[in-house]
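# Per-entry structural report
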Amino acid sequence: MKRLNQPSLLADHVRKCRMQQVFSFDVSSIVELFSFRRGEFLVEIGVPSEYIYFLTSGEILVYTYTVSERLHSRDYYHGLSPVIGEVSILWGKPPSSTVQSLTKGTCVGISVSQHGAKLLNDNCFLRYVCQTMSERLYTSGFMTSLDPVEVRLAAFIIANSNNDLFSFKLSTCADLLDTSYRHLFRVISKLSFVGILKKAENGYQILNNDALLQLSQGKLELDM
């Protein structure tokens, strides 16, 4: 990644991601702005990380590997996102997941080696970390659940659509849902056939939000 020495741009990004609300002290003196290219690693498994980051633009994937060395995706973030990277580094624990960019983007970072003690003594920040971790555990159910793929996909579409348009890259979506691209495409084709989705130029348009919600809750069955 590249550190950007642009104070005005940094201040703009801090405002954009509302970082100051997370801390009880003025963070302007401890934050840094970074840019990254597509495919860059922000955090790597087992490699002590120097920073915690707040994503301000771009797309990233958080993943680990199974014992059979199969990639297991855990989280996906785009645009403005909560703290990323493994906050366990605040307690000296090496990262258990890799964070890799899917597109170019920017993030605001805080050096843990320089400011870790200050972060650990800020109750406002610690409450934010606890809330963020609990929300991730709650919303990650569709990626680890034993529910059918169509149920998990429906929940994923609801969580990652914008103005009723789902434009997520399907191969990444398949990884996140721990299924094959072929099976995922079959489910999406079925959703289109029954009138829940419709193929659009930049993805899939949601035609029936009520049905999609019922499917995500396991209250609607598809004849696969």
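The coordinates are above.
Rules behind the numbers
- Residues numbered from 1 in each chain as written.
- Predicted model: local features only at pLDDT ≥ 70, side-chain atom pairs only at ≥ 80, totals over all residues.
- Heavy atoms only, no water.
- Core = buried A, V, L, I, M, F, W, Y, C linked by side-chain atoms within 4.5 Å.
- Buried < 20%, exposed > 50% of the residue type's maximum accessible area, 1.4 Å probe, protein only.
- Helix = DSSP H or I, 4+ residues; strand = E, 2+ residues; numbered from the N terminus.
- Contact = heavy atoms within 4.5 Å.
- Arc of directions from axis to C-beta.

Below, the discussion takes up the nonpolar core. With 27 residues, the main nonpolar core has Leu-153, Ile-157, Cys-173, Leu-184, Leu-191 and Leu-197 as its most contacted residues. Within the residue set of this core, elements represented by two or more residues are strand E5 (59–65), helix H5 (149–159), helix H6 (170–176), helix H7 (181–193), strand E12 (203–206) and helix H8 (209–216). With five residues, the single largest contributor to this core is H5. Beyond its immediate sequence surroundings of up to four residues, Cys-173 is in contact with Leu-153, Phe-156, Phe-166, Phe-168 and Leu-184. One finds Val-22, Phe-23, Val-83 and Val-87 within the second-largest nonpolar core, a separate group that totals 25 residues.

To continue, consider H5. Of all 11 residues in H5, eight are buried; the element is thus mostly enclosed. Taken together, the buried positions of H5 are occupied by Val-149, Glu-150, Val-151, Arg-152, Leu-153, Ala-154, Phe-156 and Ile-157.

With that settled, consider helix H1 (residues 7–16). Buried residues of H1: Leu-10, His-13 and Val-14, and no others. Down the axis of H1, the buried set is contained in an arc of 100 degrees. They therefore lie on one face. With respect to the buried face of H1, the exposed residues turned more than 90 degrees away are Ser-8 and Arg-15. Against strand E2 (31–36), strand E4 (51–57) and strand E9 (105–111) lie the buried residues of H1.

Below, the discussion takes up the environment of Glu-150. Here Glu-150 shows up in helix H5. Distance in space between the C-alpha atoms of Glu-150 and Arg-186 is 9.8 Å, their sequence separation being 36 residues.

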